[in-house]
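Below, each chain spelled out in residue letters.
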Amino acid sequence: MNKTRRLFLIMVLVAVLVGPSLTATAQDDVTVVQLWTRTTSLFPAIDAFNAEMEAEGQGLRIEYTFVENADFPTKFTTALAAGEAPDVVSIDLVLVPYYNSIGAFMDLTNTYEALEYKDTLNPAMLNLGTADGHVYALPFGADVSALIYNRALFEAAGLDPDAPPTTWAELRAAAEALTTDDVYGYGFSGGSPGGLMFTMMPYAWANGGQWLNEDGTVSELDDPKTVEAVQFFVDMINDGLVPPGTATYSYDDFQNGFKQEKIAMMTTGNFVISDLTTNFPDIDFGVALIPGQDGKSFSAFAGGDLIAIPNGSKHPEEAWQVIEFMLSDAIQVEVFAKNGQIPVRSDLYGNAYFEAEPRYQVFAKALTVAYVPYTTVYNELYDPFLVGMQNAFTGEKSVEEALADATKDMQAVIDRSR
Amino acid sequence: MNVSISQHMRSSAIVFHVILRRACQRLAGYIFILPAVVLEGLFFGYPLLRTLYISLHDWPVLGTKHYIGLENYDYILSNEQFWEAMRFTGLYTVVVTPAIFIVAFGLAVLVNQGLPGTTFFRSVYFVPVVISFVSSSLIWLWIYHDLYGILNYILRELHLITEPIVWMGERKTSLPAIVIMIVWKTAGFNMVILLAGMQSIPEQVYESAALDGANFVQRMRHITLPLLRPSFALAMVVSVAGSVLAFDQFKVMTRGGPANTTRTIMMYIYDTSFAYFRLGEGAAMAILLMVMLIALSVVQLRVLQRQAVEY
């Protein structure tokens, strides 16, 4: 072979042999913490962390993997089984009791107890991260539900836009006044069990009803107070106050209807504020707490993410550092509150962003009365739950019968898991 | 001695070479099929055995797996939800299969006439086959949308309906709607198979039948259909298997609803295994489904090939 080719080959050989060791030395100094999340709203927080670590000259960096919400349980469980779970995981809080039951997370009780703001962390969310008195996952980013209404449509219907409904009778009257030939007074997703949990069950809870008992061992869906709540919405279907396809609507369907101003009221989460103000700025909307029947109590669904360290992480200390950073003012206010997520620390509710956009304050208030059920078989319970609700919505069964049958099937699922 | 030693050696050498060549040819044959066998073993055989293994265990995702013998099978066979899913899958298969084949046969006959534009239409009818079931489901979901879908718009413009029909709202409308979508999507494939079968029927048979005074319908009944039986059997077995394993269209269009009335057995297996993490149960259901499908295919082939027709 000729001289140039030989020289070239030697250069390649040298590069291949020496190169990796050069880059390796650079990487050896930096500990990389693997983080999984299902929300894009976390990215600025991660960037902020990495920027600060670099500014301080600390050899610590987060590498994140975005996992679609629907794929999260499968992917995370597979990773756990393969021993390839990340160092930090931001996970849908309703899934945490299951993962605690299989011992997926590290015990954070001691480090949690040392937190100065531990008493400000949302109790409903913290409850789901706790098992047998030990804390395995901490509240991280909150999603909470409330009643959203179109103020312009309210005015057009002769209703006071500054006085949203505070009782079921008022809600019903408003829906009736708002329903015209091409607008429906209310909208919800009959086909989405998660949607129903988030947006309909709080009406039952505000009325005194329950989904499960305190420790998730008994299904209580057929409680008369819950039956009343579901009946309230079935009546809306039968009286044409919601779109005809509601019984099988997806979560997007009713939100899209609201955004097209074809639906005047809906119950949904805080994430809708930035969506509406950015993408549909012409819609003048208000936010109100989800009322109980007689206006004496309010409720909401405490959703969102908890943050935890899977067992088997090689960098638990660094992972905790990430968690502490994520729970600090810098992130909870400057990233989350700024982008419309409610801080999980109640001492941070009064921040500049919420003062500028007071509708967030209603959501923050909702978080204080919010609830979320505790169960290790959340996803599996969705199946009989949805069947029961849909049977009630389509009129296939009476509400009492539908919920009674669903309660039996839900109880069977719970019993099998114990 | 008539044959010399060297001649002996030469003939032995020849015999030796013949035997060696035959052995090499056989070996070559094995080597040719080796890649296929390896792939089959790797991607079908091994997973099948592993699934069978899992089905005999209580298989939590993390933690020890316990051998429980046929307990999973016991539970499944007495589980109403399993049978509900099987019944719906059966209903769907029984409805969609004749629909597909009537249309596919009609199209094949039409295309076989040799009218102008045959090549063009043959391709047009086949195009839906190459898009994915998910894409097709999403397209048709929009067509069937109760408020913004084009179908309801057309029906209202033609004054055939006054209120929008919620197509995906209940099984009695969503099942026919999805069947129509599937016929649109798969008839072309079966048309091609039937067409190939039709075109292999010799012209002379038709000619002699025409000479005997047979009309179009009689030719169809006594020549085309019987001679088409092998192609028909192939197309049918493949189509029925596909229908029994239906997943995409129902997952996307109805999500199994309302109230699990449109949940197919594959959806139930998927939920059990990957949403509820009951892997042993899911594996057992998959094995049961496979056994039933094999039995179904054998029955179909027996029935359709009972008398080989030759003219």
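Residues numbered from 1 in each chain as written. Chains lettered and ligands numbered in written order. Predicted model: local features only at pLDDT ≥ 70, side-chain atom pairs only at ≥ 80, totals over all residues.

Peer 1: I keep staring at the overall build of chain A and nothing clicks. Help me out?
Peer 2: In terms of helices and strands, chain A carries 19 helices and 12 strands. By its C-alpha atoms, chain A is 90 × 55 × 50 Å across when sized along the principal axes. The long-range fraction of contacts in chain A, counting pairs at least 24 apart against all pairs at least 6 apart in sequence, stands at 76%. (Helix = DSSP H or I, 4+ residues; strand = E, 2+ residues; numbered from the N terminus. Contact = placed C-beta atoms within 7 Å.)

Peer 1: Got a minute to help me understand the overall build of chain B in this structure?
Peer 2: For chain B, the count of helices and strands is 12 helices and 2 strands. For 311 residues, the compact-globule estimate of 2.2 N^0.38 gives 19 Å, and chain B exceeds it by more than 25% at 27 Å. Of all 311 residues assigned to chain B, the portion counted as buried reaches 29%. A separation threshold of at least 6 residues defines the contact pool for chain B, and within that pool the share at least 24 residues apart is 70%. (Rg over C-alpha atoms; globule rule 2.2 N^0.38 Å. Buried ≥ 20, exposed ≤ 12 C-beta atoms within 10 Å, placed from the backbone.)

Peer 1: What's the story with the interface of chain A and chain B in this structure? I'm lost.
Peer 2: Interfaces are frequently sized by the accessible area removed from exposure as the parts join. Listed per partner, the contact involves 20 residues of chain A and 20 residues of chain B. For the side of chain A that touches chain B, the secondary-structure elements that each account for two or more residues are α3 (72–81) and α18 (378–394) of chain A. When its residues are assigned to classes, the side of chain A that touches chain B shows 8 nonpolar, 10 polar and 2 charged. (Nonpolar A, V, L, I, M, F, W, Y, C, P; charged D, E, K, R; others polar.)

Peer 1: Where do I start with the environment of proline 98 of chain B in this structure?
Peer 2: Residue and element names in this part refer to chain B. Topologically, proline 98 is positioned in helix α3 (residues 80–112). Overall, proline 98 belongs to the exposed group, with 9 C-beta atoms counted inside 10 Å. Taking C-alpha positions, proline 98 is 18 Å from serine 174, a pair spaced 76 residues apart along the chain.

Peer 1: Sorry, what's going on with the environment of alanine 337 of chain A here?
Peer 2: Residue and element names in this part refer to chain A. Here alanine 337 shows up in the loop between α15 (329–336) and α16 (352–356). Exposure remark for alanine 337: the 22 C-beta atoms within 10 Å place this residue in the buried category. On a C-alpha basis, the gap between alanine 337 and glutamate 176 in space is 35 Å, while along the polypeptide they are 161 residues apart. Setting aside chain neighbours within four positions, we find alanine 337 in contact with Gln332, Pro343, Asn351, Tyr353 and Phe354.

Peer 1: Explain helix α19 (residues 399–417) of chain A to me, please; I cannot follow it from the model alone.
Peer 2: Helical periodicity: at 3.6 residues per turn, an α-helix aligns residues three or four positions apart in one direction. Residues and elements named next belong to chain A. Here α19 is 19 residues long and its end C-alpha atoms lie 27 Å apart, about the 27 Å a rise of 1.5 Å per residue gives. Inspection of α19 places Val399, Ala402, Leu403, Ala406, Thr407 and Met410 among the buried residues, and these make up the whole buried set. Down the axis of α19, the smallest arc covering the buried residues is 130°, so these residues share one side. Of the exposed residues in α19, the ones pointing more than 90 degrees away from its buried face are Ala412, Asp415 and Arg416. As for α19, its buried residues are in contact with α11 (224–238) and α18. (Expected span 1.5 Å × (residues − 1). Arc of directions from axis to C-beta.)

Peer 1: Even after reading the chapter, I still don't get the nonpolar core, so can you show me in this structure?
Peer 2: Taken as a class, soluble globular proteins show a tendency for nonpolar side chains to be buried jointly. With 133 residues, the main nonpolar core has Val144, Ala146 and Leu306 of chain A as its most contacted residues. In terms of residue count, the dominant contributor to this core is α18 of chain A (9 residues). Inspection of this core shows a minimum of three residues originating in each of domain 1 (29–143 + 303–371) and domain 2 (145–301 + 377–417) of chain A. Among the nonpolar cores identified, the runner-up in size contains 51 residues, and Tyr268, Ile269, Ala283 and Met285 of chain B belong to it. (Core = buried A, V, L, I, M, F, W, Y, C linked by C-beta atoms within 7 Å. Domains from an automatic or database assignment.)

Peer 1: What exactly am I supposed to notice about the packing of α11 of chain A against α19 of chain A here?
Peer 2: Each packed pair of helices is defined by two parameters, the angle between the axes and the distance between the axes. All names here are of chain A. At a minimum axis separation of 10 Å, α11 and α19 run at an interaxial angle of 125°. Looking at the two axes, α11 sits oblique to α19. Of the two elements, α11 crosses α19, and the hand of that crossing is right-handed. Every residue of α19 that contacts α11 at Thr226, Val227, Val230, Gln231 and Val234 is listed here: Val399, Glu400 and Leu403. Its residues placed into classes, the contact of α11 with α19 shows 5 nonpolar, 2 polar and 1 charged. (Axes fitted to C-alpha atoms, helices over the stretch in contact; angles between N-to-C directions. Parallel < 35°, antiparallel > 145°, perpendicular 65-115°, else oblique. Left-handed = near helix turned anticlockwise from the far one by under 90°.)

Peer 1: Before we go on, may I ask you to explain the domain arrangement of chain A in this structure?
Peer 2: All names here are of chain A. Entries for chain A in the domain assignment read domain 1 (29–143 + 303–371) and domain 2 (145–301 + 377–417). Look at where the C-alpha atoms of domain 1 and domain 2 centre, and you get two points 28 Å apart. Those elements that provide at least two residues to the side of domain 1 that touches domain 2 are α17 (359–368) and β12 (370–371). In terms of residues, the side of domain 1 that touches domain 2 owes the most to one element, α17, which gives 7 residues. Along the lines of polarity and charge, the residues of the side of domain 1 that touches domain 2 split into 13 nonpolar, 4 polar and 4 charged.

Peer 1: Sorry if this is basic, but what is going on with the domain arrangement of chain B here?
Peer 2: Residue and element names in this part refer to chain B. Domain annotation of chain B identifies domain 1 (5–55) and domain 2 (71–304). For domain 1 and domain 2, the distance between their C-alpha centroids amounts to 40 Å. Across the boundary between the two partners, domain 1 contributes 4 residues, which contact 7 residues of domain 2. By residue class, the composition of the side of domain 1 that touches domain 2 is 2 nonpolar, 2 polar and no charged.

Peer 1: When you look at the packing of α18 of chain A against α19 of chain A in this model, what are you seeing that I'm missing?
Peer 2: Residues and elements named next belong to chain A. In the contact formed by α18 and α19, the axes pass within 8 Å of each other and the chain directions differ by 170°. By the angle class used here, α18 and α19 are roughly antiparallel. Between α18 and α19, the contacting residues are Glu380, Leu381, Pro384, Phe385, Val387, Gly388, Asn391 and Ala392 on the first element and Val399, Ala402, Leu403, Asp405, Ala406, Asp409, Met410 and Val413 on the second. Within the contact of α18 with α19, the residues separate by chemical class into 11 nonpolar, 2 polar and 3 charged.

Peer 1: Hey, could you run me through unusual backbone geometry in this one?
Peer 2: A negative phi angle is the norm for most residues apart from glycine, just as the trans form is the norm for most peptide bonds. Residue and element names in this part refer to chain B. With an omega of -10°, the peptide bond between glycine 257 and proline 258 qualifies as cis. Tracing the sequence through the fold places proline 258 in the loop between α10 (248–253) and α11 (265–275). In this structure, alanine 259 is a non-glycine residue whose phi angle is positive, near 55°. With respect to the element layout, alanine 259 can be found in the loop between α10 and α11. A count of 27 C-beta atoms within 10 Å places alanine 259 in the buried class. In this structure, phenylalanine 277 takes a positive phi of about 60° despite not being glycine. Secondary-structure assignment places phenylalanine 277 in the loop between α11 and α12 (279–304).

Peer 1: Help me understand helix α14 (residues 316–326) of chain A, please; the structure alone is not making it clear to me.
Peer 2: All of the buried residues in α14 of chain A are Glu318, Ala319, Val322, Ile323 and Met326 of chain A. Projected onto a plane normal to the axis of α14 of chain A, the buried residues spread over an arc of 150° and lie on a single side.

Peer 1: Whenever I open this one, the pairing of strand β1 (residues 31–37) of chain A confuses me. Can you help?
Peer 2: The side chains of a regular strand alternate, first on one face of the sheet and then on the other. All names here are of chain A. Of all the 7 residues making up β1, 5 are buried; the element is thus mostly covered by neighbouring parts of the structure. Pairing analysis gives 7 bridges linking β1 to strand β2 (residues 60–66), with the strands arranged parallel. Counterpart to glutamine 34 in the pairing with β2 is glutamate 63. The parallel pair β1 and β2 is bridged by helix α2 (residues 43–55), and the resulting crossover is right-handed. (Pairing = 2+ DSSP bridges. Right-handed = clockwise from strand over helix to strand, strands pointing away.)

Peer 1: How do you make sense of the pairing of strand β6 (residues 138–150) of chain A when you look at a structure like this?
Peer 2: All names here are of chain A. The element β6 is extensively covered by neighbouring structure, given that 13 of its 13 residues are classed as buried. Pairing of β6 with strand β11 (residues 298–308) involves 6 bridges; the strand directions are antiparallel. Note on β11: the bridge partner recorded for alanine 142 is glycine 304. Pairing analysis gives 5 bridges linking β6 to strand β8 (residues 263–269), with the strands arranged antiparallel. Along β8, the bridge assignment pairs tyrosine 149 with methionine 265. Two elements, β6 and strand β9 (residues 285–288), share 4 bridges in a ladder whose sense is antiparallel. Bridge pairing links leucine 147 to alanine 288 in β9.

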